[in-house]
Number of protein chains: 2
Amino acid sequence: MKSDAKAEVGQTESLEKGSVLKEILEANQKFIQQFQPVKLSHHPRKKIAVVTCMDTRLVDFLEPAMGLKRGDAKIIKNAGNTVPAEVIRSLAAAIYSLGVKEVLVVGHTHCGMAHVDEQKLANSMRENGISEEVIAGLNLKEWIGAISDEESNVKEMVKEIKASPVIPSQVPVHGLIIDIETGMLRVVA
Amino acid sequence: MKSDAKAEVGQTESLEKGSVLKEILEANQKFIQQFQPVKLSHHPRKKIAVVTCMDTRLVDFLEPAMGLKRGDAKIIKNAGNTVPAEVIRSLAAAIYSLGVKEVLVVGHTHCGMAHVDEQKLANSMRENGISEEVIAGLNLKEWIGAISDEESNVKEMVKEIKASPVIPSQVPVHGLIIDIETGMLRVVA
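All values reported here derive from a predicted model rather than from experimental measurement.

What follows deals with the relation of the copies chain B and chain A. Once chain B is rotated about the relating axis by 180° and shifted along it by 0.0 Å, it coincides with chain A to within an RMSD of 0.0 Å. The relationship between the two copies is best expressed as a two-fold rotation axis. Taking C-alpha positions as the reference, the residue of chain B nearest the rotation axis is Lys77 of chain B, at 2.3 Å.

Put into structure tokens, the structure is as follows:
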């Protein structure tokens, strides 16, 4: 089949680059051999959406720390759990099409987005071959979505979601911070 | 302490609404009692970022299906693994500040964003009290981020990320689809 042939070509090209893809596909082979296929609803059982950060330390940590299992919640993640307009789009889809009735914004301690150093960022872009013209054309802190501190950011996000004309006023929106070392949740909004 | 007092107020208010928050905080108490605090780097061990969907069926499923553990990868999630500009912002933070050297866009079969019914969406917004004026002011399919089909969407996202002037040309960007029932990964770009 044409699409399968294409997939194989893509796969081979990637493997030649010595990428992590090979390792991931091997892990996947093992996973599917032991996994019992199951059909779940795409409507989350707990009728909640969680907005959180892309941080690697939250992977396989935030969900167990919240008691959430497969099928329980929609999870939205970006750098610094910020950018209200885009988060609101995903929340709207979750609320209007997928039965979500409650929203939790969960920031975390020691978030990289609260410690953005503009000069270091520019240098790293230069080292990676990004042109001076492109760098100069950006307000780096704003563009990358730097936040002042984790707690204020969560409070601001909760406020913006609640104030949105496309989010129903009856949907509760909570703000929490998770301690990235202990897993303890604290309600802040 | 003032901030703790505030947190308690917020918590009590939420509990009165009969929200899921109480259940989550109880689960968290149990979690922190058995969890051994550990200090991890925010630089992902496998130097990868994964862009995927907020779907509830991917929770505690995508990561094990890819062999990814806590500390391995940055994970970005939104409705339909789409909206290039916002994803690129998070990827830039991951690449320039957190050591990411490879990107995987992972769509999934049976994605809700590939089956957006404009009329149903408008009706659901009405039932939730959103005004006709607000609804009429939106191009609903575009606003919600509807996609035509899962595979084309992944290919398009890979193309846009690769073409971005702020993403280094040497960073490999792969596109995959995960079967939401079996967990099988397929390389499509």
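More follows now that the structure is in view.
Residue and element names in this part refer to chain A. Residues annotated in UniProt with the feature "binding site: Zn(2+)" (unreviewed entry) correspond here to Cys53, Asp55, His108 and Cys111. A maximum C-alpha distance of 8.9 Å places the annotated residues, which cover 59 residues in sequence, within one compact spot. Examined against the element boundaries, Cys53 turns out to sit in strand S1 (residues 48-53). Looking at the secondary structure, you find Asp55 in the loop between S1 and helix H3 (62-66).

Low-pLDDT stretches of the model should not have their predicted coordinates read in fine detail. Residues and elements named next belong to chain A. Mean pLDDT over chain A: 92, with 90% of residues reaching 70 or higher. Across residues 1-14, confidence stays below pLDDT 50; counting only partners more than four residues off in sequence or on other chains, it has ten contacts. Reported confidences for the modelled complex are a pTM of 0.92 and an ipTM of 0.92.

Residues and elements named next belong to chain B. For strand S3 (residues 102-108), the buried fraction is high: seven of the seven residues fall into the buried class. Side-chain alternation along S3 places Glu102, Leu104, Val106 and His108 on one buried face and Val103, Val105 and Gly107 on a second face that is also buried. Pairing between strand S1 (residues 48-53) and S3: five bridges, direction parallel. Looking across to S3, one finds that Thr52 is bridged to Val106. With six bridges connecting them, S3 and strand S4 (residues 173-178) associate as parallel partners. The residue bridging Leu104 from the neighbouring strand is His174, located in S4.

What follows deals with the packing of helix H4 (residues 84-98) of chain A against helix H8 (residues 150-163) of chain A. Residue and element names in this part refer to chain A. At a closest axis distance of 10 Å, the pairing of H4 and H8 adopts a crossing angle of 55°. The angle between the axes of H4 and H8 places the two elements in the oblique class. Between H4 and H8 lies a crossing whose hand is right-handed. For the pair H4 and H8, contact is made by Pro84, Val87, Ile88 and Leu91 and by Met157, Glu160 and Ile161, respectively. Considered class by class, the residues forming the contact of H4 with H8 number six nonpolar, no polar and one charged.

Turning our attention to the packing of aromatic side chains. Under the definition given, this model contains six aromatic pairs over all chains. Here Phe31 of chain A and Phe61 of chain B contribute two aromatic rings whose centre-to-centre distance is 5.8 Å and whose plane-to-plane angle is 70°, an arrangement assigned as edge-to-face. With one member in each of two chains, Phe31 of chain A in helix H2 (residues 21-34) and Phe61 of chain B in the loop between S1 and helix H3 (62-66) form a pair that bridges those chains. Across this residue pair, the class does not change: Phe31 of chain A and Phe61 of chain B are buried.

Calculation notes
Residues numbered from 1 in each chain as written. Chains lettered and ligands numbered in written order. Predicted model: local features only at pLDDT ≥ 70, side-chain atom pairs only at ≥ 80, totals over all residues. Heavy atoms only, no water. Least-squares fit on C-alpha atoms with pLDDT ≥ 70 in both. UniProt positions renumbered as here; feature names shortened; annotations may be inferred. Helix = DSSP H or I, 4+ residues; strand = E, 2+ residues; numbered from the N terminus. pLDDT = per-residue confidence, 0-100. Contact = heavy atoms within 4.5 Å. Buried < 20%, exposed > 50% of the residue type's maximum accessible area, 1.4 Å probe, protein only. Pairing = 2+ DSSP bridges. Axes fitted to C-alpha atoms, helices over the stretch in contact; angles between N-to-C directions. Parallel < 35°, antiparallel > 145°, perpendicular 65-115°, else oblique. Left-handed = near helix turned anticlockwise from the far one by under 90°. Nonpolar A, V, L, I, M, F, W, Y, C, P; charged D, E, K, R; others polar. Phe/Tyr/Trp six-rings, centres within 6.5 Å; stacked < 30°, edge-to-face > 60°.

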